[in-house]
Structure formats: structure tokens, C-alpha cells
Amino acid sequence: MRTFDLAPLYRATVGFDRIADMMDRVLTTDVNQPSYPPYNIEKTDENAYRISVAVAGFSPDELTVEVKEATLVIAARRGEDDADRHFLHRGIATRAFERRFALADHMRVTAALHEHGMLHIELVREVPEALKPRRIEIARGTAQPGNPQITNHAETVEV
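Residues numbered from 1 in each chain as written. Predicted model: local features only at pLDDT ≥ 70, side-chain atom pairs only at ≥ 80, totals over all residues. Heavy atoms only, no water.

1. Focus on the pattern of salt bridges
In this structure the tally under the stated criterion is 5 salt bridges. As a salt-bridge pair, Lys-68 and Glu-66 come within 3.4 Å of each other at their nearest N and O atoms. In this structure Lys-68 comes out as partly exposed when scored by relative accessible area, which is 41%. On the basis of relative accessibility, which here comes to 39%, the residue Glu-66 falls in the partly exposed class. Of the charged contacts, one joins Arg-108 and Glu-126 as a salt bridge, the two residues approaching to 2.7 Å between their closest N and O atoms. Of this pair, Arg-108 sits in strand β6 (residues 107-115) while Glu-126 sits in the loop between β7 (118-125) and β8 (135-140); the two residues are 18 residues apart in sequence, bridging distant segments of the chain. Taking the relative accessible area as the measure of exposure, Arg-108 reaches 40% and is therefore partly exposed. Residues joined by salt bridges that share partners form a network here, namely Glu-42, Arg-50 and Glu-122. (Salt bridge = Lys/Arg side-chain N within 4 Å of Asp/Glu carboxyl O. Buried < 20%, exposed > 50% of the residue type's maximum accessible area, 1.4 Å probe, protein only. Helix = DSSP H or I, 4+ residues; strand = E, 2+ residues; numbered from the N terminus.)

Printed below as a string of C-alpha cells:
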């Protein structure tokens with residue numbers, strides 16, 4: 001496996017350490033990550049996403065969905081109620097699990113729905129007004145040094 005040195009990134013940037021940490025985590029994680037339970041991530045709108053996790057055999061009471069420090073954590077704990085049952089074949093896995101998803105800045109979980117053996121988690125990106133593109137007016141006129149008077153003729157330019 002390749003290793004990447006992210007030290008040059010730290011020398012030339014300020015405030016991107018979270019991205020560098022995330023890249024480092026992704027590049028150093030084991031390729032043989034557990035595939036249980038299976039899940040889908042879909043983009044449902046420009047700023048909306050849905051994570052669907054197959055949780056057959058789990059009730060909503062046995063599932064937890066939490067957001068901790070920009071990480072979505074989905075976990076399931078199963079009680080031992082199958083002790084008196086004798087399975088000839090057990091193909092539906094109902095073992096405990098914990099699945100983590102790193103969330104980008106300004107992502108918020110809006111809903112969680114359990115139906116037909118699937119857990120659907122709705123997320124939305126809420127960009128603050130200060131970070132949204134805004135239009136700046138460009139005024140035409142003459143400005144004197146020390147007396148910046150600008151006439152009322154203005155054009156709007158998108159930034």
C-alpha cells in the first residue's frame with residue numbers, strides 16, 4: 001500500500017487540517033473493511049442526501065443514530081431472544097454493528113426512518129448566509145482622493 005506525506009500541505013495552508021486528517025484516515029484504513037451491514041448513499045437534491053442501511057431483523061428500539069463531532073454513527077445491539085430457536089440455515093445476519101460516516105461541514109441529519117428492513121437517514125447541507133455567493137454592486141462615477149463620493153449609477157456583479 002502507498003503512503004502519502006501530507007506535511008507539504010500543512011506548510012502552505014491554514015485551517016485545512018481536518019481535510020488532511022480525513023485523507024490520512026481514508027488512505028490508512030484497512031482495505032478489508034467489514035461490509036456488514038450493506039448501505040447506499042444517494043444524492044436526492046443539490047444539498048440533500050440519503051443514507052440507506054439494510055437492517056433486516058432489527059427493530060427501531062435496537063438501533064441508534066447519533067452525530068458526534070462531525071461523524072454520523074449508526075449502531076445496532078441485538079438481544080439474545082433466539083436462544084430457544086433451532087435454525088437449519090441462518091442467512092439473515094442480526095449481529096451487532098457500528099457503522100461510521102464522516103460528515104462534511106454544515107451537514108445536518110434531518111430525519112431517520114425505519115421501514116421494510118431499511119433504515120433511511122436524511123441529511124441536508126445548510127450553508128450559512130455568510131458563505132453563500134452574494135452580489136456586489138459596482139458603482140460608476142468619479143471618486144476624488146480623500147472624498148470618495150460615488151454617483152448612484154450601479155451595476156450588479158455576481159461574485
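Past the structure itself, the notes keep going.
2. Observations concerning the nonpolar core
By size, the foremost hydrophobic cluster in this structure holds 17 residues, and its most contacted members are Ile-74 and Phe-97. Looking at this core, the elements with two or more residues in it are β2 (48-54), β4 (71-76), β5 (97-102) and β7. Residue contacts for Phe-97: discarding those within four places in its chain leaves Tyr-36, Pro-37, Val-55, Phe-58, Leu-63, Ile-74, Ala-75, Ala-76 and Arg-77. (Core = buried A, V, L, I, M, F, W, Y, C linked by side-chain atoms within 4.5 Å. Contact = heavy atoms within 4.5 Å.)

3. Some words on the side chain of Arg-99
Within the element layout of this structure, Arg-99 appears in strand β5. This buried residue, Arg-99, is left without a salt bridge; Glu-98 holds the nearest opposite charge, at 9.9 Å. Among the polar contacts listed, one links the side chain of Arg-99 to the backbone oxygen of Tyr-36, at a separation of 3.4 Å. At a separation of 3.3 Å, a polar atom in the side chain of Arg-99 contacts the main-chain carbonyl oxygen of Pro-37. (Lys, Arg positive; Asp, Glu negative; His and termini not counted. Polar contact = N/O pair within 3.5 Å; in protein donor to acceptor, adjacent residues only side chain to side chain.)

4. Brief notes about the environment of Val-73
One can find Val-73 in strand β4. We classify Val-73 as buried; its relative accessible area is 4%. In the structure, Val-73 is positioned 29 residues away from Ala-102 in sequence and 8.9 Å away in space, judged by C-alpha atoms. Not counting residues up to four positions away in its chain, the partners in contact with Val-73 are Thr-64, Val-65, Glu-66, Glu-98, Arg-99 and Arg-100.

5. A short note on the confidence of the model for the protein chain
The predicted model of the protein chain has a mean per-residue pLDDT of 79, with 68% of residues at 70 or higher. Note on residues 150-154: pLDDT under 50 across the span, and 11 contacts to partners over four residues away in sequence or across chains. (pLDDT = per-residue confidence, 0-100.)

6. Description of the packing of aromatic side chains
According to the stated counting rule, one finds 3 aromatic pairs in the structure shown. An angle of 85° between the planes, with centres 5.8 Å apart, marks the rings of Tyr-36 and Phe-97 as edge-to-face. Taken together, the positions of Tyr-36 in the loop between α2 (17-28) and β1 (39-45) and Phe-97 in strand β5 put the pair 61 residues apart, joining distant regions of the chain. Judged by its relative accessible area of 6%, Phe-97 falls in the buried class. Pairing Phe-58 with Phe-97 gives two aromatic rings, centres 5.8 Å apart and planes at 80°, and the pair type is edge-to-face. Pair noted here: Phe-58 is in the loop between β2 and β3 (63-68) and Phe-97 is in strand β5, with a separation of 39 residues, a long-range link. Judged by relative accessible area, Phe-58 falls into the buried class, the value being 4%. By the ring-pair criterion, three or more aromatic residues cluster together here, those being Tyr-36, Phe-58 and Phe-97. One cation-aromatic arrangement involves Arg-95 over Tyr-36; the distance from NZ or CZ to the ring centre is 4.0 Å. (Phe/Tyr/Trp six-rings, centres within 6.5 Å; stacked < 30°, edge-to-face > 60°. Lys NZ or Arg CZ within 6 Å of the ring centre and 35° of its normal.)

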